Amino acid sequence: MSFMSRDELLNIITTEDVIGIMAKLGTDYKTNKSHSDQLYFRTVCHHGNKYKLLYYTDSKLFHCLTEDGIISLFDVVMGALECEFIDAVKFIEQYKGIKTFSTKRKVGIQGRKSEAEKDMEFLDKHLYKPLSTKIKLPNYNNDILKIFDDYYPSCWEDEGLSVEEMEYFGVKMYFNQMKAILPHRDINGNLIGIRGRSFMESDIDNGKKYMPITIQGLTYRFPTGLTLYGAYENKDNIKRLKKCILFEGEKSPIKYGSYYGQNNNIGLATLGTNLSSYQRNLILDMGVSEVIMAYDKQFQPDLIDKEDDKAIKEYNAYIKKMIKAYKMFSPYCLFSIIYCEDDRLDYKDAPIDKGKEVFSELYKERITIENIEELEESLL
């Protein structure tokens with residue numbers, strides 16, 4: 001019997017297959033009238049109900065607009081079923097009625113891999129390699145930024161983002177579409193994409209709060225898993241201070257610079273919680289000695305205490321993200337977490353959302369993780 005690789009498996013998955021697999025995971029879809037190559041599914045990857053899981057039929061990649069960034073079909077199945085990678089492959093295999101080589105694996109005497117074997121496999125997959133060979137990213141004409149308006153969202157100023165810091169990051173307004181403009185640059189400063197934060201209620205209700213900007217038929221999209229927001233702007237500070245803080249969204253690094261000064265800004269944003277090996281390597285290339293995870297508070301302690309199933313799933317998903325990140329960074333640098341289980345942060349708040357004083361408290365209280373058991377024991 002011949003076996004195919006997991007990439008070959010994805011290559012033979014059609015759009016109709018994706019629709020069928022997603023239906024089995026419990027979601028229908030909506031079409032995008034402006035872009036025929038895009039479908040919107042419910043965010044089953046983290047048990048959400050909104051149509052914020054965008055599928056690109058040409059690249060066969062998903063973009064979770066609320067949490068996970070750019071992910072594959074395997075990632076979606078793993079999140080929806082809360083299973084390991086091999087089980088996600090089997091799920092897709094069963095749908096297609098085929099087998100890949102990934103099911104033909106070496107096993108121990110008892111037929112199961114030891115924890116040490118699993119850890120070695122993880123390290124092999126996520127091994128740090130200096131980025132001597134750069135991945136090709138989009139490179140858009142910087143002049144496009146001239147068409148946007150030199151204004152800033154007043155509500156962002158009210159939240160604590162300073163005009164000086166927004167100007168430094170190139171934030172603008174585009175009143176024609178009622179969007180705040182967020183230019184994204186690679187580590188060398190090239191413009192690789194532009195995201196817009198819509199202030200139109202219709203966009204927000206349809207899961208299009210943060211989307212790539214489209215101008216005259218050209219959409220300024222980019223692979224979010226191959227870059228870090230703030231890397232170009234803050235790389236010198238990170239190299240000098242030898243630490244960085246990983247947030248989810250773009251506003252958090254801007255807010256960090258607003259509070260502590262741009263010369264001290266070590267904030268980066270991963271645009272979701274699905275940290276990639278390439279992003280990890282970008283960070284390690286800056287020579288960090290400590291990585292501080294400051295992801296959104298995606299759990300509700302009061303509902304967990306009431307043994308609410310959804311709340312427990314969300315909490316476990318959060319901890320699993322920390323476990324994955326710890327495994328990726330721990331061989332190379334210190335790894336700490338900004339964590340809040342009291343009411344200083346609300347549900348889905350970023351750690352910096354409640355102001356400088358609260359963030360400073362949480363930063364000082366950050367938990368340095370010394371071994372994987374500390375995190376695994378937190379799972380419910």
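Going by the structure above, here's the rest.
In this text the structure is predicted, and so the values were computed from the model without any measurement.

A. Focus on unusual backbone geometry. Of note, M178 is a non-glycine position whose phi angle comes to about 50°, a positive value. One non-glycine residue, E307, lies in positive phi territory at about 60°. Along the chain, E307 falls in the loop between α12 (301-305) and α13 (309-329).

B. Structural view of the pairing of strand β12 (residues 243-247). Counted residue by residue, β12 has four buried out of five residues, so it is predominantly covered. By the bridge criterion, four bridges tie β12 to strand β14 (residues 290-293) in an arrangement that is parallel. By the bridge assignment, I245 is partnered in β14 with I292. Where β12 lies against strand β13 (residues 267-269), three bridges are found, and the strand directions are parallel. Note that in β13 the partner of I245 across the bridge is G267. Note that the unit made of β12, helix α10 (residues 251-260) and β13 has a crossover that is right-handed.

C. Just the sheet that holds strand β6 (residues 172-174), in detail. With antiparallel pairing, the four strands of this open sheet are ordered in space as β6-β7-β8-β9. Looking at which strands have only one partner, the edges of the open sheet turn out to be β6 and β9 (210-212). On average, adjacent strands in this sheet sit at an angle of 40° to one another, irrespective of strand direction. Two strands pair when backbone bridges link them, and β6 and strand β7 (residues 179-185) are joined in this way by three bridges, in the antiparallel orientation. Residue pairing across strands places M173 opposite A180, the latter belonging to β7.

D. Just the packing of aromatic side chains, in detail. Under the criterion given, the structure shown has 21 aromatic pairs. Between Y151 and F175, the ring centres sit 5.7 Å apart and the planes meet at 65°, which makes this aromatic pair edge-to-face. Residue Y151 is located in the loop between α5 (115-125) and α6 (154-159), and its partner F175 is located in the loop between β6 and β7; the two are separated by 24 residues in the primary sequence. Judged by centre distance (6.1 Å) and plane angle (40°), the rings of F247 and F359 are tilted. Of the two residues, F247 sits in strand β12 while F359 sits in helix α14 (residues 356-364), which places them 112 residues apart along the sequence. We classify F359 as buried; its relative accessible area is 1%. Through a chain of ring-to-ring contacts, three or more aromatic side chains come together here, namely F247, Y256, Y259, Y260, F359 and Y363. In this structure, R366 packs its charged tip against the face of Y363, placed 4.2 Å from the ring centre.

E. Broad picture of a nonpolar patch on the surface. A cluster of nonpolar residues, Y151, F175, M178 and M200, forms a patch on the protein surface that exposes about 390 Å² of accessible area. Accessibility expressed as a relative area gives 52% for Y151, which makes it exposed.

F. Focus on the packing of helix α3 (residues 73-81) against helix α4 (residues 85-96). Packing of α3 against α4 leaves a shortest axis separation of 9 Å and a crossing angle of 105°. As summarised for this structure, α3 and α4 are arranged roughly perpendicular, according to the angle between their axes. Two secondary-structure elements touch here, α3 through L73, F74, V77, M78 and L81 and α4 through F85, A88, V89, F91 and I92.

G. Just the pattern of salt bridges, in detail. Inspection of every chain in the model, using the stated rule, returns 15 salt bridges. In this structure, the salt-bridge partner of D150 is K172, at a minimum N-O distance of 2.3 Å. Of the two residues, D150 is situated in the loop between α5 and α6 and K172 in strand β6; the sequence distance between them amounts to 22 residues. Accessibility expressed as a relative area gives 56% for D150, which makes it exposed.

H. Broad picture of the pairing of strand β15 (residues 334-337). With four bridges connecting them, β14 and β15 associate as parallel partners. Looking at β15, one finds that V291 is bridged to F335. As defined by bridge partners, β15 adjoins strand β16 (residues 367-368) across two bridges and the pair is classed as antiparallel. Its bridge partner lying in β16, I337 is registered against I367.

I. Focus on the layout of surface pockets. What the second largest pocket holds in volume is close to 1,200 Å³. The wall of the second largest pocket is formed by 36 residues, among which L65, T66, K209, D296 and K348 lie closest to the centre. Counted by class, the lining of the second largest pocket contains seven nonpolar, twelve polar and 17 charged residues.

J. The arrangement of the sheet that holds β16 in detail. In space, the five strands of this open sheet follow the order β13-β12-β14-β15-β16, with mixed pairing throughout. Only two strands of the sheet have a single partner each, and these edge strands are β13 and β16. The sheet strands contacting α13 are β12, β14 and β15, and the helix crosses β15 at an angle near 165°.

K. Quick look at the environment of E82. Along the polypeptide, E82 turns up in the loop between α3 and α4. Taking relative accessible area as the criterion, E82 reaches 38% and is therefore assigned partly exposed. Those residues in contact with E82 that lie beyond four places of it in its chain are H47, V77 and K313.

Definitions and limits used
- Residues numbered from 1 in each chain as written.
- Predicted model: local features only at pLDDT ≥ 70, side-chain atom pairs only at ≥ 80, totals over all residues.
- Heavy atoms only, no water.
- Helix = DSSP H or I, 4+ residues; strand = E, 2+ residues; numbered from the N terminus.
- Buried < 20%, exposed > 50% of the residue type's maximum accessible area, 1.4 Å probe, protein only.
- Pairing = 2+ DSSP bridges.
- Right-handed = clockwise from strand over helix to strand, strands pointing away.
- Axes fitted to C-alpha atoms, helices over the stretch in contact; angles between N-to-C directions.
- Phe/Tyr/Trp six-rings, centres within 6.5 Å; stacked < 30°, edge-to-face > 60°.
- Lys NZ or Arg CZ within 6 Å of the ring centre and 35° of its normal.
- Patch = residues over 30% accessible without salt bridge, like charges linked within 9 Å, V, L, I, M, F, W, Y side chains within 5 Å.
- Areas by Shrake-Rupley, 256 points an atom, 1.4 Å probe, with all protein chains shown as cover.
- Salt bridge = Lys/Arg side-chain N within 4 Å of Asp/Glu carboxyl O.
- Parallel < 35°, antiparallel > 145°, perpendicular 65-115°, else oblique.
- Contact = heavy atoms within 4.5 Å.
- 1 Å grid on protein atoms, 1.4 Å probe; cavity = no way out; pocket = protein on both sides within 12 Å on 5 of 7 lines; lining within 4 Å.
- Points joined across faces, edges and corners; volume = space filled by probe spheres on them.
- Nonpolar A, V, L, I, M, F, W, Y, C, P; charged D, E, K, R; others polar.

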